[in-house]
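Architecture and fold: a report
Residue strings, one per chain:
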Amino acid sequence: MRATGLAAGAALALLGLSACHPRPAAVPKESRAISAEPVTLTAADGVKVFGVHTSVEKPKALILLFHQAGSGKDEYATIAPRLATWGYSSLRIDQRAGGDLFGGNATVKALGRSTSYYQAKPDLVAALAWAKDRKLPVILWGSSYSASLVFLLAADYPDQVKAVMAFSPGEYFDNKTMVRTAAANVKAPVFATSAQDGREIDAVRDILAAVPGQKEQFVPKQGGAHGSSTLLRAKNPEGAEPAWTAVIAFLQKVAP
């Protein structure tokens, strides 16, 4: 049942979560050189995974951007450059579970089909292995089903993950406790948000309840969209900027 009113506030307080909306983030004080280049990874099972590395001068961290179902790396075509203006490099990939929602998915096209959500996990692992060589703090960022996979990744590789950001995570796999079980083993700080939807908000709350350390739930007061689309003005005209403010505030805390 969806918590409302005082009950919702009490639930957030008990979990140590935040439903507040921080003040808008100031414009970055310094400009940085930004570039982008294609990247091809090879997953452990031999699947070629295609992506784009957006690099920035003097990066604070490297963010691995994973997309939602039916989607591809261009879910982040405008998000990655904006993150770069704040000093965060990123790698966005086409996972093998995806489609043409944002303009195509080269990995799915090469493979000839889209797989199940869980079968995309090796693609995320390949991205994390690629990131290790960059010798930067690594932040995992997932959207919808990949927002669930990042909890599994953070639990499996705790020494390689600086923070976790999950946009509309849920128990999307056959094992309906898999994500919460993984969340209980996540040591890194976690930020999570969702659409302004009772079921999504509750799904985030249930997963974050298992996280033993620092965690933050951003609950949109207006607007909101599923997954990382909540940051796109075209998808979330009323709520995109408040969501961005919360995202940048979290990033500045974990990778200033």
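So, here is what we can say about the structure in this document. (Residues numbered from 1 in each chain as written. Predicted model: local features only at pLDDT ≥ 70, side-chain atom pairs only at ≥ 80, totals over all residues. Heavy atoms only, no water.)

A separate point is the nonpolar core. Ranked by size, the top nonpolar core spans 44 residues in total, and within it Leu 41, Leu 64, Phe 66, Leu 91, Leu 140, Phe 151 and Val 186 carry the most contacts. Counting residues per element, this core draws most heavily on helix H5 (residues 145-156), which supplies 9 residues. The contacts of Leu 140, once residues within four sequence positions are left out, are Leu 64, Phe 66, Leu 128, Val 150, Leu 153, Ala 154, Val 161, Ala 163, Val 164 and Met 165. Formed by 28 residues, the second largest nonpolar core is a distinct cluster that contains Leu 65, Trp 141, Phe 167 and Val 254. (Core = buried A, V, L, I, M, F, W, Y, C linked by side-chain atoms within 4.5 Å. Buried < 20%, exposed > 50% of the residue type's maximum accessible area, 1.4 Å probe, protein only. Helix = DSSP H or I, 4+ residues; strand = E, 2+ residues; numbered from the N terminus. Contact = heavy atoms within 4.5 Å.)

With that settled, the discussion passes to the side chain of Ser 146. With respect to the helices, strands and loops of the structure, Ser 146 is situated in helix H5. Of the polar contacts made by the side chain of Ser 146, one reaches the backbone oxygen of His 67; its length is 2.8 Å. Apart from residues no more than four positions distant in its own chain, Ser 146 is found in contact with Phe 66, His 67 and Gln 95. (Polar contact = N/O pair within 3.5 Å; in protein donor to acceptor, adjacent residues only side chain to side chain.)

This part takes up the pattern of salt bridges. Side-chain pairing between opposite charges can occur once the charged atoms of the two side chains come close. Counted according to the given criterion, the structure contains 11 salt bridges. One salt bridge connects Arg 96 with Asp 123, and the closest N-O pair in it is separated by 2.7 Å. Separated by 27 residues along the polypeptide, Arg 96 in the loop between strand E4 (88-93) and helix H3 (106-111) and Asp 123 in helix H4 (residues 121-132) bring together distant segments of the chain. Owing to a relative accessible area of 5%, Arg 96 belongs among the buried residues under this scheme. The residue Glu 216 makes a salt bridge to Lys 253 at a minimum N-O spacing of 3.1 Å. On the criterion of sequence distance, the pair formed by Glu 216 in strand E8 (residues 215-218) and Lys 253 in helix H8 (residues 240-254) is long-range, its members being 37 residues apart. A relative accessible area of 13% places Glu 216 in the buried class. Here the salt bridges share partners, and the residues they tie into one network are Asp 45, Arg 96 and Asp 123. (Salt bridge = Lys/Arg side-chain N within 4 Å of Asp/Glu carboxyl O.)

Tracing the sequence through the fold places Val 56 in strand E2 (residues 48-56). The class of Val 56 is buried, set by a relative accessible area of 7%. Each C-alpha atom of the pair Val 56 and Pro 81 lies 9.2 Å from the other, and the pair is 25 residues apart in sequence. Residues within four places of Val 56 in sequence aside, it is in contact with Arg 32, Ala 33, Ile 34, Ala 84, Gly 87, Tyr 88 and Ser 89.

Strand order in this open sheet of 8 strands is E1-E2-E4-E3-E5-E6-E7-E8, and the pairing throughout is mixed. A strand with exactly one partner marks an edge of an open sheet, and here the two such strands are strand E1 (34-42) and E8. Mean inter-strand twist for the sheet, computed between neighbouring axes without regard to direction, equals 15°. Bridge count for strand E3 (residues 61-65) against E4 is 5 bridges, and the pairing is parallel. Along E4, the bridge assignment pairs Ala 61 with Tyr 88. Where H5 meets the sheet, its contacts fall on strand E5 (138-143), strand E6 (163-167) and strand E7 (190-193), and the angle it forms with E5 comes to roughly 145°. (Pairing = 2+ DSSP bridges. Axes fitted to C-alpha atoms, helices over the stretch in contact; angles between N-to-C directions.)

Moving on, we come to the packing of aromatic side chains. Counted by the stated rule, this structure contains 6 aromatic pairs. Centre to centre, the rings of Tyr 117 and Tyr 145 are 4.6 Å apart; their planes meet at 10°, and the pair counts as stacked. Highlighted residues: Tyr 117 in the loop between H3 and H4 and Tyr 145 in helix H5, separated in sequence by 28 residues. According to the relative accessible area criterion, Tyr 117 is partly exposed, its value standing at 33%. Accessibility expressed as a relative area gives 0% for Tyr 145, which makes it buried. Measuring from ring centre to ring centre gives 6.1 Å for Phe 167 and Phe 191, while their planes differ by 55°; the resulting arrangement is tilted. Here Phe 191 lies in strand E7 and Phe 167 lies in strand E6, a separation of 24 residues in the sequence. The exposure classification of Phe 167 matches that of Phe 191, with both residues buried. Following the ring pairs from residue to residue traces out a cluster consisting of Tyr 76, Trp 141, Phe 167, Phe 191 and Phe 250. Across the ring face of Trp 244, the terminal group of Arg 82 is positioned such that the distance to the ring centre comes to 4.4 Å. (Phe/Tyr/Trp six-rings, centres within 6.5 Å; stacked < 30°, edge-to-face > 60°. Lys NZ or Arg CZ within 6 Å of the ring centre and 35° of its normal.)

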